[in-house]
Each structure stands twice: as C-alpha cells, then as structure tokens.
Amino acid sequence: MKIKNYINGKFEDPIHGAYINNYIPSKGEIYGQIPNSSKEDVEKAVQAAEKAFPIWSNTTLEERSKIVLKIADLILEKLDFLAAAESKDNGKPISLAKTVDIPRAASNFRFFANAITQFASESHESVGLNAVNFTLRQPLGVVGCISPWNLPLYLFTWKIAPAIAVGNCVVAKPSEITPMTAFLLSEICDEAGLPKGVLNIVHGLGISTGQAIVAHPKIKAISFTGGTKTGAHIARIAAPMFKKLSLELGGKNPNIIFADCDYENMLATTVRSSFANQGQICLCGSRILVEEKIYEQFKKDFTKKVANLKVGNPSDSTTNIGALVSKQHLEKVKSYIDNAEEYGGKILFGGKEVHVKNYENGYYLQPTIIEVSDNNCKLNQEEIFGPVVTIMSFKTDEEALQLANDVKYGLSATLWTNNLNRTMQFSKQLQTGIVWVNTWMLRDLRTPFGGAKESGVGREGGFEALRFFTEPKNICIEY
Ligand code: NAD
C-alpha cells in the first residue's frame, strides 16, 4: 500500500515522486511505501496552513470543540481497525494497541476539545494606578509537530490535538518508521469535517522532511518528541530563529524499590514498567534499584515472572511482547546485550533473539535482565530503549537517591515505599519531571508532562500545552 500526504484537505503524492519502504516488524518484510517529502511539499503544506489560519483561529470555541470531539468519536468507532494497523506497523501487541494507544489517541482529542472551553486568560487590576491589565492568549499561527515511532498515534495526537484546538494550523510529520495510523488519521480528519489546511500531514525522513519543517521561517513553534541527539540538532536550527520549542526527549528512568513496599503490586507493575511495548516507552523504568534486604528475593521472583512473558506474533491476543520496531533498532539493542559482560554486566535472563513460527524474519528479542554493580557503566548510563533492564542493589536512602540522579537524563522515576517521609524526601529531590509513587504510567492528562536535564525542555499536557501553543499578549488600559 502506498500512503499519501494530506495537504490542504487533499491526499497527495509527493511533488518529486520519491518514496521510501515501510516494513512490517513482525515479519521483517516490506509491506508498503510512504512519500519521502521534499522541501517543496513542506512549503505547500505551510502555505495551506497559513491560508487556513485566519478562519480557523476565528472559529468559535464551540465549533472548534465540536469538530475536535468528532475526531475523537471517529477514532473510537474505528478502534479495532486502528489498533490492528498500529500493531502491524509498529510490532506492538494488539492488546496494547487496543487498550492503550488508540483509546489514548481519542482521549487526547476529547481532552483538548474540552480543555479549550475552560482555558481562561488572566487579568490584573493595577490598584492605585487607575489601570487594568488583561492577557490575550492568541494562537501562534502555523506550528510544526514531529513525533517518534514508539507510540505512533498516541504521541502524534498528543501534540496535534492541543495545537489545533487552541486555534493553530499544523504541519505534522510522524516517524517514517511508523507512518500508517497518521495516514489513517488524515482520513478521519477529513471525515470529521476539519476545514482544509488546518492539519497537514507530510511524510518522510527526519533529515529531509523533518528538517524542512524545523527550518521553515513561517513555522512559529516546534513541538518535538524523539531522541536527545535529534532534539539538540533541532534546537540548534530553531533557537536562532526564535521559535518556541517543546522538546520531549530520551530517558533512563530509575525504578527504586524499598523493602517496605506492597511487594506483589510492585512486582507485577515492575514487569510492566520494564517490558511494556518491548521496553520501547520513554517512561519505562530501565534501571531497577532494589534495597539490599530484598534484593535476592526480588531477583528470583522477578526473573520467574519475566520468564512467563510470551514473546510472539503481535496480532495474537495472548502475546505479551511483540516485535521490536525495526532491524536497525534490534541490532542496536542487541549490541548492548552482546557487550553486556564487557560493560560490567551479568545476564540473568534472556538476551537472545526469538524465532517465532511462521514469522522467522521478524525482529523478536527475549525480555532481558542484566545485573550490574556500577551505575557508571554504559548499560546504566545510555538509553537502550528495548526489552532490557538492569538491576542493582542499594543499602541506604542516600545511596538510592544518588544512584537515581546519577544520569544525564531526567524524565521520570518510580518509587516503591510505604514510608511517607521517604516519599516526600525522594519526591523533592529526584531530578525528574515525573515521580510515580507506588504506581507507573498512571496518566491524568491535566498534569504537566515532560523531562528535566537532557530529557527535554518544556511541558506538554493540560493547560501547559495550551500555553505553549499560544502567545500571551498583555493589554494595559488606563481609565
Ligand atoms: P528520533 O529522534 O530518531 O526521531 C523522532 C522524529 O524526529 C521522527 O519523526 C524523525 O523522522 C524526526 N527527525 C529525525 N531527525 C530529524 C531532523 N534532523 N529534523 C527534524 N526531524 C527529525 O527518535 P525515535 O528513534 O523515533 O524515537 C525514540 C526516542 O524518542 C527515544 O530516545 C525515546 O526516549 C524518545 N521518546 C521520548 C518521549 C518523551 O515524551 N520524552 C516519548 C517517546 C519517545
């Protein structure tokens, strides 16, 4: 299947006719093609967005909200179809696409369709000066949204929904590795009656299509989710152009386990936070730190549970771990495993490729547990972004905190304890944008989402996203 760009409400081939292959990770085969869009395609999309902006930004909140809600409804109506497409394109288990990725994409639209009806700007009475100030929150104009392959529709819509709901027009690019549900979204937007030019989806490689979006002078803001290196590259281009930037980048998140936690809940959740989506979630707890008192017990129980996970064809409803997203990514993850001993690690479980019957060329890997003793090793410092976790023990609270913070990343942390004082101390001192206590990936869409240190700049979610996609303007009236 050849998918198309969505520009000015039309489904279009790329101007220069260039295409790239799209692979099905569960089989390791080419199953379609996507446009490798050029600067000229991006230019066309920007022009369409610019033309649509005056009308869309002046459309009433009620009308905008209605259209955005319709998109949410249509996503839910097509849940099974979209989940199957996502699972096929990405390699993730169909059960995950059905319960997490696609419902969440619908929630993103529903949430921001409602949020704009509650988003109010501030006013300040300048007492004694006979003046009143108020703030206008105006949409920026044309904005760019660029997303990664791990949660394709979920993260794509997490940016697009607030951007359009608050009145901007968008040029968006999904990952070239997982373009399918973005294409299906363009069909849904068309069906929902989103006016032409409000959302333009341009497919292609990061270095060409993505770069053209970032460097386009008429694009006022870039909302990007992806790797830290790419984020730094984007910042180098966009910052001197004074664009607004939201960068959601990599992570190396600690999962800190104390002996006083609710053990069974911790164990079951830790299996999920380690290996959900083949470990390819930026929020996965890839460094497991366990209090020495329960370390040996944890090692035994965790390994036993992990050994029961079923690696297999993602379209099988009983599969726990599907295929990794690409051959290149499989090779990258394997290189950490193959060099684990050299890096100071000891493989406790997994580490091998899995050959699934009838899907022998798919990119399957066992969930892998590596024991380490030094947090400074590559396995604990670099983002592997696959079904690989490390475990190590600690003795004191101070040591656990020091280990948790001793990485360049700062996206999220999970803490397992029933001690209130410790909870407060860690919550304050962990250098991350998100701290989960006795849970993992519980998401309330009103909360600020994002990372500290090299995990990014800015926050998504709730009114933070609406603030990012608007320019505040102060009006001062003396009377
Ligand atoms: P990536 O940085 O390679 O690509 C992300 C997107 O950027 C893709 O659409 C790609 O085509 C585009 N891109 C690449 N080079 C570009 C350039 N020069 N200019 C403009 N666009 C460019 O990341 P990936 O491999 O797709 O995703 C995995 C990474 O994403 C991991 O590091 C993961 O931690 C991170 N991630 C972060 C979050 C978060 O919320 N912090 C969420 C999910 C994934």
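Per an unreviewed UniProt entry, the protein goes by the name Aldehyde dehydrogenase and belongs to Polaribacter batillariae. If you open the UniProt record of the protein and go to Sequence similarities (unreviewed entry), you find "Belongs to the aldehyde dehydrogenase family."

**Topic: the site of the ligand**
In the vicinity of the ligand, 31 residues are found, and the nearest of them are Pro148, Gly206, Gly210, Gly226 and Thr230. Sorting the residues of the shell around the ligand by element identifies helix H7 (206-215) and helix H8 (228-238) as the ones contributing at least two each. Per-element tally for the shell around the ligand: the top contributor is H7, with 5 residues. Broken down by class, the residue content of the shell around the ligand amounts to 11 nonpolar, 16 polar and 4 charged.

**Here we look at unusual backbone geometry**
Of note in this structure, Phe242 is not a glycine but carries a positive phi near 60°. Looking at the secondary structure, you find Phe242 in the loop between H8 and strand E11 (244-248). The exposure class assigned to Phe242 is exposed, which follows from the 8 C-beta atoms found within 10 Å. For Phe385, which is not glycine, the phi torsion reads 60° and is therefore positive. For Phe385, a count of 25 C-beta atoms within 10 Å puts it in the buried group.

**Examining the sheet that holds strand E6 (residues 131-139)**
Taken in spatial order, the 3 strands make up an open sheet running E5-E6-E22, and their pairing is antiparallel. Each edge of the sheet is formed by a strand with only one pairing partner; in this case those strands are strand E5 (123-126) and strand E22 (470-478). The average angle at which neighbouring strand axes cross in this sheet is 20°, direction not considered. The pairing of E6 with E22 spans 9 bridges and is classified as antiparallel. Among the inter-strand pairings, Val132 is bridged to a residue of E22, identified as Ile477.

Rules used throughout
Residues numbered from 1 in each chain as written. Predicted model: local features only at pLDDT ≥ 70, side-chain atom pairs only at ≥ 80, totals over all residues. UniProt positions renumbered as here; feature names shortened; annotations may be inferred. Near = placed C-beta within 6 Å. Helix = DSSP H or I, 4+ residues; strand = E, 2+ residues; numbered from the N terminus. Nonpolar A, V, L, I, M, F, W, Y, C, P; charged D, E, K, R; others polar. Buried ≥ 20, exposed ≤ 12 C-beta atoms within 10 Å, placed from the backbone. Pairing = 2+ DSSP bridges. Axes fitted to C-alpha atoms, helices over the stretch in contact; angles between N-to-C directions.

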